[in-house]
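# Notes for the structure review
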Amino acid sequence: MRRSLLILAAALVVCTAVVGASYFVARQCCAHLLANSSDDLEWLRSEFHLSGTELQHVRQLHEGYLPKCRAICARIAVKKQELEAEFAASTNQVTPVIEQTLKDIAVLRAQCQAQMLQHFQEVSQAMPPAEGRRYLAEMQRLTLGFHEQFENRMSGPAHEHEHGHH
Amino acid sequence: MNPPNESLLAGDGHLGTLLREARPRPELPPGFAAAVWRRLERAELPDEPAVNRLDRVVAWLLRPRPALAGAIALACLGASLGAHEGVVLSKQAAQARYVAAVSPLNTGP
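All values derive from a computational prediction rather than experimental measurement.

### A few points about the overall build of chain A
Of regular secondary structure, chain A possesses 7 helices and 0 strands. Moving toward the C terminus, one meets the helices and strands of chain A in the order α-α-α-α-α-α-α. Here chain A, with 166 residues, has 27% of them falling under the buried criterion. Sequence separation of at least 24 residues holds for 60% of the intrachain contacts in chain A that already meet a minimum separation of 6.

### What about the interface of chain A and chain B?
At the interface, 43 residues of chain A touch 31 residues of chain B. Of the roughly 3000 Å² buried between chain A and chain B on both sides combined, carbon and sulfur atoms contribute 74%. Here chain A is connected to chain B by 2 salt bridges. We note a salt bridge from K91 of chain B to E47 of chain A, for which the minimum N-O separation is 3.6 Å. Taken together, the connections running from chain A to chain B amount to 6 residue pairs in polar contact (both at pLDDT 80 or more). The biggest single contributor to the side of chain A that touches chain B is helix α1 (residues 2-34) of chain A, with 14 residues.

### So, the state of the cysteines
Per the stated rule, a full pass over the model turns up 0 disulfides over all chains. Of all cysteine sulfurs in the structure, the one in C30 of chain A sits closest to C29 of chain A, which takes part in no disulfide; the separation is 7.2 Å.

### Considering helix α4 (residues 96-125) of chain A
Taking 1.5 Å per residue, 30 residues should reach 44 Å; α4 of chain A reaches 44 Å between its end C-alpha atoms and fits that length. Listing the buried residues of α4 of chain A in full gives I98, T101, I105, L108, C112, M116, H119, F120, V123 and S124 of chain A.

Conventions and cut-offs
Residues numbered from 1 in each chain as written. Chains lettered and ligands numbered in written order. Predicted model: local features only at pLDDT ≥ 70, side-chain atom pairs only at ≥ 80, totals over all residues. Heavy atoms only, no water. Helix = DSSP H or I, 4+ residues; strand = E, 2+ residues; numbered from the N terminus. Buried < 20%, exposed > 50% of the residue type's maximum accessible area, 1.4 Å probe, protein only. Contact = heavy atoms within 4.5 Å. Buried area = accessible area lost by both parts, 1.4 Å probe. Salt bridge = Lys/Arg side-chain N within 4 Å of Asp/Glu carboxyl O. Polar contact = N/O pair within 3.5 Å; in protein donor to acceptor, adjacent residues only side chain to side chain. Disulfide = S-S within 2.5 Å. Expected span 1.5 Å × (residues − 1).

In structure tokens form, the structure reads like this:
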């Protein structure tokens, strides 16, 4: 009886090891093979079932959008450097220059988001209608959803309660 | 004392044969009697102790064919689960790559 139980326990360990090892190896191989593409648009092609022509059109839009996006990002980076310099120069005070720089950064971020949404609209129109709608919803969730969650958290009752204590 | 009609039947052999032929018995399947005897013998055997059953299961599991079949089945199960997870991971990575390309504000620290 005892010997049989020992054998059963050993068999259980071996089974777990076999399942675990095969799971790990297959997961790594699949993830490595499928993620090997260096194309940023690979996800669009597979997720939204784009044909060659549609992908080509989307690629043109994507390549047209990237320089505009980089330009705004560069302007934001410059403003952030200015802000850091102002912070370093001021002595624990929010000066009017700092306020103005913060407003400039906010305006640039808003421009960046508006441009991004415009790009999503254009890309969605280059897809079949149903896939385009799905793409738009997914991109809004992925890019704007983060900010909405953050704002909801900040304006929620728990946060008001925290503010009440301060 | 037999009723009058039964005594009449017993006396008449020809009539009895005719009546038996009029109510034919169904044919038994082949090996029916042997199967009945086997079931009777099994029913008379004492219950096998749980220890013996466990030993028998372990002995069966240790035979090469069931052990190999089990190992292959488990490896296939693990590999298919892992492959599914790998596909999901690669999809997530590709999605993150695209989102980072089009929305750098979202991905920065």
